[in-house]
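Listed below, chain by chain, are the residues.
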Amino acid sequence: MKRTVACLRIIFLVILCLGLCFPGAAQSKRPNIVLILADDLGYSDLGCYGGEIATPNLDRLAANGIRYASFYNTSRCCPTRAALLTGMYNHNAGIGEMTTNRGLPGYQGALAVGTVTLAEVLKAAGYHTAMVGKWHVSNTLEQPTAEAQLRWLNHQDIHPYFSPVEQYPVNRGFERYFGNIWGVVDYFDPFSLVSGTTPVTRVPDHYYHTDAINDTAAQYIRLLSREKAPFFLYVAHTAPHWPLQALPEDIHNYENTYTAGWDAIRKQRYHKMAALGLIDTFITKLSPREAGTPDWNDNPHKDWEARAMAVHAAMVDRMDQGIGRIITALKQEGQLENTLIIFLSDNGASPENAMAYGPGFDRPGTTRKGERICYPVNKEVLPGPQTSFTSIGAAWANVANTPYRFAKASSFEGGVRTPVIASWPKGITGKGRIERTTGHVIDFMATFLELAYARYPAQYNGHVIKPMQGMSLVPSFNQKAAPASRILFNEHFGARYVRDGNRKLVAAPGKPWQLFDLQHDATELHDLSARFPEQVQRLSALWEQWAQQNHVFPKKK
């Protein structure tokens with residue numbers, strides 16, 4: 001009898017060891033992972049983050065999961081995607097600026113060979129992998145003349161590849177892919193749309209890209225749920241990035257919402273955020289209106305501006321509707337309970353004036369049918385249809401990023417702080433709570449690997465792989481104590497910061513460092529640099545050291 005018990009114990013220990021050493025043995029317990037990324041969504045746009053936009057599906061995820069109050073991206077679309085996919089700072093991953101190769105290690109314009117993606121590591125650990133939506137981490141191929149480029153953008157010419165094919169998602173770990181390789185798209189007829197590596201040369205009537213992304217994601221869930229292995233699905237939206245293009249029925253729901261003006265909406269959001277417990281009004285004051293923005297009553301383009309924000313809201317609303325279909329697919333396939341869903345934005349809302357850019361590079365001049373696309377510099381054409389390329393501009397971006405200062409591309413909080421929702425019924429405790437752990441997009445690699453029982457490789461495809469730089473967020477899922485402090489960094493076109501605990505040193509491009517105490521001044525209103533020069537010196541030295549180690553070479557002014 002004793003011998004039998006001893007044998008059973010040995011067998012149990014062997015099984016346990018196998019489960020720890022080999023991911024496949026723990027496969028039934030490993031969660032599916034669905035990572036949803038919005039594009040140019042402001043910190044306060046979602047209903048559960050203080051916004052007036054109808055986002056019931058994301059709000060329900062928040063109510064059944066957690067919301068992070070202090071979570072960072074890298075302030076711009078492709079750099080954030082590079083950091084998110086690789087678990088390292090974006091310069092270290094090869095994308096310090098955009099997608100043009102500058103011939104420097106930190107500015108290759110594509111994911112560096114010394115990196116692995118989430119898909120590559122999770123696939124090696126036995127996960128199925130799929131992606132839909134915006135890739136934007138590969139070198140963009142351009143035609144030799146501006147005329148030829150416009151013909152391509154206008155769907156008059158067809159070329160086989162939009163970037164080097166070895167840089168496509170299906171060659172970086174994703175088994176399935178449908179989406180746009182480049183960044184900016186016409187929502188009704190996107191440029192650089194591919195399935196796998198094959199260009200999609202025609203889209204159906206009544207195509208809308210946000211719906212196509214969400215519906216394809218739901219389709220992938222139904223296909224992958226038939227497999228025994230867990231899956232990783234990356235859903236990378238283009239919404240609500242300009243151009244402001246939405247369906248008329250969605251715009252209609254917001255046609256009167258923004259006629260009160262930017263000041264009224266900002267104050268409304270600020271008070272709602274306080275009521276939700278996202279901010280403490282003693283610490284987080286409402287930042288001033290964006291510099292140069294007129295009083296709403298003095299604005300000669302009130303109707304146009306109200307319409308612009310209405311279209312932005314409609315785009316967010318439509319994205320949320322489709323996320324509801326993703327959740328439904330998970331529920332119908334019996335996968336929802338053991339699926340980690342994370343939602344976030346790639347940067348703060350955009351202050352850009354898309355009208356001033358005009359056609360070229362990634363912006364078409366006509367539709368496929370030959371209709372002229374207007375870039376209404378004087379706001380003579382309303383936003384919304386396929387035939388206009390417009391954006392919300394700095395004033396509404398200031399509203400979308402309530403209560404923080406500045407916007408996309410800035411290293412101030414309005415550029416780098418993102419809403420993050422995490423929902424996992426089987427694995428997250430304390431439903432509906434607000435999580436105060438300071439997180440960063442580089443943390444997803446460590447988080448997902450821990451949940452997948454996966455190992456980060458030292459080598460991959462014959463290349464030495466750089467170490468990941470994030471930390472696991474898993475303790476925050478279970479209400480465990482967060483680290484007392486961590487140091488975070490950023491640089492983008494000369495905008496930069498270093499944050500050590502609650503002290504943050506930050507600068508605009510070509511401007512001197514400013515020092516803020518985020519514990520008492522979360523909106524960065526009171527510069528302490530003159531009062532504490534020794535802290536400026538210490539933190540700036542940390543930033544310089546980080547810059548050297550991570551191939552950061554900001555432009556000198």
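None of these values were measured; they are calculated from a predicted model.

I tried to follow the pairing of strand 16 (residues 514–517) on my own but got confused; where do I start?
The two faces of the sheet receive side chains in turn, since in a regular strand these alternate between them. Direction of pairing for strand 15 (residues 503–507) relative to strand 16: antiparallel, over a ladder of four bridges. Across the sheet, residue Lys504 finds its bridge partner in strand 16, namely Phe516. Connecting strand 15 to the next strand, strand 16, in antiparallel fashion are six residues, including Gly510 with a positive phi near 75°.

Mind showing me how you'd approach the side chain of Ser529 here?
With respect to the helices and strands, the residue Ser529 is situated in the loop between strand 16 and helix 14 (533–549). Not counting chain neighbours up to four residues away, the residues in contact with Ser529 comprise Trp513, Gln514, Leu515 and Val536.

Quick question: what am I supposed to make of the pattern of salt bridges here?
Side-chain pairs of opposite charge can arise where the charged atoms are in close proximity. Summed over all chains, the structure comprises 27 salt bridges. With a closest N to O distance of 3.7 Å, Arg222 and Glu333 form a salt bridge. Of this pair, Arg222 sits in helix 6 (residues 209–224) while Glu333 sits in the loop between helix 9 (302–332) and strand 8 (339–345); the two residues are 111 residues apart in sequence, bridging distant segments of the chain. Note that Arg318 and Asp250 form a salt bridge whose closest N and O atoms lie 2.7 Å from each other. Of the two residues, Arg318 sits in helix 9 while Asp250 sits in helix 7 (residues 248–252), which places them 68 residues apart along the sequence. Comparing Arg318 with Asp250 shows no difference in burial state: the two are buried. Counted as one network, the salt bridges with shared partners bring together Asp211, Asp215, Glu249, Asp250, Arg318 and Arg325.

Sorry, what's going on with the sheet that holds strand 16 here?
Each strand in a sheet pairs with its neighbour through backbone hydrogen bonds, running either in the same direction (parallel) or in the opposite one (antiparallel). With antiparallel pairing, four strands are arranged side by side in an open sheet as 13-14-15-16. Only two strands of the sheet have a single neighbouring strand rather than two, namely strand 13 (487–492) and strand 16. Across the sheet, the mean angle separating the axes of adjacent strands is 15° when strand polarity is ignored. Bridge count between strand 13 and strand 14 (residues 495–500): six bridges; the pairing is antiparallel. Bridge pairing in strand 14 links Leu488 to Arg499. Across the face of the sheet, helix 14 comes into contact with strand 13, strand 14, strand 15 and strand 16 while running at roughly 70° to strand 13.

I would appreciate a short explanation of the confidence of the model for the chain in the present structure.
If pLDDT is low for a region, its predicted coordinates should not be looked at in detail. Of the residues in the chain, 94% have a pLDDT of 70 or more, and the chain-wide mean is 94. Within the model, pLDDT remains below 50 along residues 1–25, and this stretch shows nine contacts once partners closer than five positions in the same chain are excluded.

What is the right way to look at the sheet that holds strand 7 (residues 231–236) in this model?
Read across the open sheet, the ten strands follow the order 6-5-4-3-7-1-8-9-2-10; overall the sheet is mixed. Lying at the two open borders of the sheet, with one neighbouring strand each, are strand 6 (198–199) and strand 10 (433–440). Seen against the sheet, helix 2 (residues 56–63) touches strand 2 (66–72), strand 8 and strand 9 (420–423) and runs at an angle of roughly 65° to strand 9. Strands in contact with helix 9 are strand 1 (32–38), strand 7 and strand 8; relative to strand 8, the strand with the most contacts, it is inclined by about 170°.

Mind showing me how you'd approach helix 10 (residues 393–400) here?
For an α-helix, 3.6 residues make a turn, and residues three or four places apart therefore share a direction. Most of helix 10 sits out of view: seven of its eight residues are buried. Taken together, the buried positions of helix 10 are occupied by Gly393, Ala395, Trp396, Ala397, Asn398, Val399 and Ala400. Summarising the contacts, the buried residues of helix 10 are in contact with helix 8 (262–276) and helix 9.

Reading the values: the criteria
For every chain, the first residue of its written sequence is number 1, and the numbers climb from 1 along that sequence. This being a predicted model, a pLDDT of at least 70 is required before a residue's local features are given, and a value of 80 or more before pairs of side-chain atoms are given or counted; all residues contribute to the totals for chains, interfaces and linings. Note that water and hydrogens are dropped before the side-chain values are worked out from all heavy atoms of the structure. Whether two strands pair comes down to DSSP finding at least two bridges between them. Helix and strand definitions here come from DSSP, where helices need a minimum of 4 consecutive H or I residues and strands a minimum of 2 consecutive E residues; each element is numbered from the N-terminal end. Note on contacts: a residue pair is in contact if any heavy atoms of the two residues lie within 4.5 Å. Salt bridge, as applied in this entry: a Lys or Arg side-chain nitrogen positioned within 4 Å of an Asp or Glu carboxyl oxygen. Residue burial is assigned from relative accessible area. The probe radius is 1.4 Å, only protein chains are included, and a residue is buried under 20% of its type maximum, exposed over 50%, and partly exposed in between. A fitted line through C-alpha atoms represents every axis, and for helices the fit uses only the stretch in contact; the resulting angles, taken between N-to-C directions, go from 0 to 180 degrees. Each residue gets a pLDDT score, which is the predictor's confidence in that residue and runs from 0 to 100.

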